[in-house]
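Here is what each chain is made of, one letter per residue.
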Amino acid sequence: AGEREYAFKHTLIREVAYGQLPKGLRTKLHVRYADWVAALPGAEDEFVEIVAYHLEQACRLAHQIARSPTPPPVEPAVEALVAAAERAEKREGIREAERFYERALEILGDGHSQTSVRLRLRRAEILAVRGELRRAFEDLIDVGEESSVVGRADLRGAALIALANIDQKQGRAADARRRLLEAETIAFEIGDRRLQIRSGYEFAGLRADFYGEEAAAVEDLRRSLAIATAIED
């Protein structure tokens, strides 16, 4: 409100004007625009996809030229794309969320191994929700192994819980139990409260549905609920 606004009369005019700008300048302007939008009131909720798009374009353009005057804003772009993915998940836009994670992984490149593992974990969890269990299972196996390599026990625990969920869906109760026991051990060793909640919740379903251990399942749920209450989740 109260600011002057300019618009192109036709999208082709815009495309020609944009195409005549050197890529280095485009990179700089994309970053400037993203910064401006991010400073607007309510930007974190309303404009996160717009911010993500412009930071992503800045990264792609910067990688296309030998010496970009503006460094590619990889980390802010990934953060914005992840925020957009999480926003899509909240409104059950599962396929949209998957695309945001894919785009974040594309611009991440090498040298960000921990972030890459974290994003691949989220993408695999999305695939599982979509019912692509085989692909999700394979990705989660890789994520679990690489999490150990990069020293992220929390990500390994989360991958094990997601794998156990798929095991249950496909009737592999023994495999699910083994994975959940390891995930639970990790959760309490590193003091990760959210991981403790998730492992307890998943364990409750396994005990009740496959082993008839209703009392133990109830206890798992009570313990998870107590932890969730304690951290106000």
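Each remark here, short or long, concerns the structure printed above.
The paragraphs below set out a description of the structure included in this document. Predicted model, so just to flag it, every value in this text is computed and none were measured. (Residues numbered from 1 in each chain as written. Predicted model: local features only at pLDDT ≥ 70, side-chain atom pairs only at ≥ 80, totals over all residues. Heavy atoms only, no water.)

**Remarks on the environment of Glu-92**
Relative to the helices and strands, Glu-92 is located in the loop between α5 (74-90) and α6 (94-108). Residues Glu-92 and Ile-190, 98 residues apart in the sequence, show an inter-C-alpha distance of 31 Å. (Helix = DSSP H or I, 4+ residues; strand = E, 2+ residues; numbered from the N terminus.)

**A few points about helix α12 (residues 214-230)**
Turn by turn, an α-helix covers 3.6 residues, leaving residues three or four places apart pointing in a common direction. For α12, spanning 17 residues, the distance from its first C-alpha to its last is 24 Å, which sits close to the expected 24 Å at 1.5 Å a residue. Residues of α12 that are buried: Ala-217, Asp-220, Ser-224, Ile-227 and Ala-228. The buried residues of α12 occupy an angular sector of 100 degrees when projected down its axis, which confines them to one face. Pointing more than 90 degrees away from the buried face of α12 are the exposed residues Ala-215, Arg-222, Leu-225, Thr-229 and Ala-230. The elements touched by buried residues of α12 are α11 (193-211). Once α12 finishes, Glu-232 follows within two positions and takes phi at roughly 55 degrees, a positive value. (Expected span 1.5 Å × (residues − 1). Buried < 20%, exposed > 50% of the residue type's maximum accessible area, 1.4 Å probe, protein only. Arc of directions from axis to C-beta. Contact = heavy atoms within 4.5 Å.)

**Remarks on the pattern of salt bridges**
With the rule as written, the count across this model stands at 29 salt bridges. Put simply, Arg-135 and Glu-102 hold a salt bridge, and the shortest N to O gap is 3.3 Å. Pair noted here: Arg-135 is in helix α8 (residues 133-149) and Glu-102 is in helix α6, with a separation of 33 residues, a long-range link. Across the pair Asp-175 and Arg-172 runs a salt bridge, and its minimum N-O distance is 3.9 Å. Connected through salt bridges with shared partners, the residues Glu-98, Glu-102, Arg-123, Arg-130, Glu-132 and Arg-135 form a single ionic network. (Salt bridge = Lys/Arg side-chain N within 4 Å of Asp/Glu carboxyl O.)

**What to know about the nonpolar core**
Counting 28 residues, the largest nonpolar core has Leu-121, Leu-140, Ile-166, Leu-180, Leu-195 and Leu-206 as its most contacted members. Looking at this core, the elements with two or more residues in it are α7 (113-129), α8, α9 (153-169), α10 (173-189) and α11. Among the elements that make up this core, the one with the highest residue count is α9 (9 residues). Setting aside anything within four residues of it in sequence, one finds Leu-195 in contact with Asp-154, Gly-157, Ala-158, Ile-161, Ile-186, Ala-187 and Ile-190. The next biggest cluster of nonpolar side chains, apart from the first, holds 25 residues, and it includes Val-48, Val-74, Val-82 and Leu-119. (Core = buried A, V, L, I, M, F, W, Y, C linked by side-chain atoms within 4.5 Å.)

**A short note on the packing of helix α4 (residues 48-62) against α6**
Following both chains from N to C, one finds α4 and α6 inclined at 25 degrees, their axes separated by 10 Å at the closest point. Taken as axis vectors, α4 and α6 run roughly parallel relative to one another. Regarding α4 and α6, the two cross each other, and that crossing is left-handed. Touching Glu-49, Tyr-53, Glu-56, Cys-59 and Arg-60 of α4 are Phe-100, Arg-103, Glu-106 and Ile-107, all from α6. Within the contact of α4 with α6, the residues separate by chemical class into 4 nonpolar, no polar and 5 charged. (Axes fitted to C-alpha atoms, helices over the stretch in contact; angles between N-to-C directions. Parallel < 35°, antiparallel > 145°, perpendicular 65-115°, else oblique. Left-handed = near helix turned anticlockwise from the far one by under 90°. Nonpolar A, V, L, I, M, F, W, Y, C, P; charged D, E, K, R; others polar.)

**A look at unusual backbone geometry**
Located in the positive-phi region is Glu-92, a residue other than glycine, with phi close to 65 degrees. A positive phi is found at Glu-232, a non-glycine position, where the angle reads about 55 degrees. Within the fold, Glu-232 resides in the segment after α12.

**What to know about the side chain of Ser-224**
Within the secondary structure, Ser-224 is located in helix α12. Ignoring anything within four residues of it in the chain, the contact list for Ser-224 reads Gln-196, Ile-197, Gly-200 and Tyr-201.

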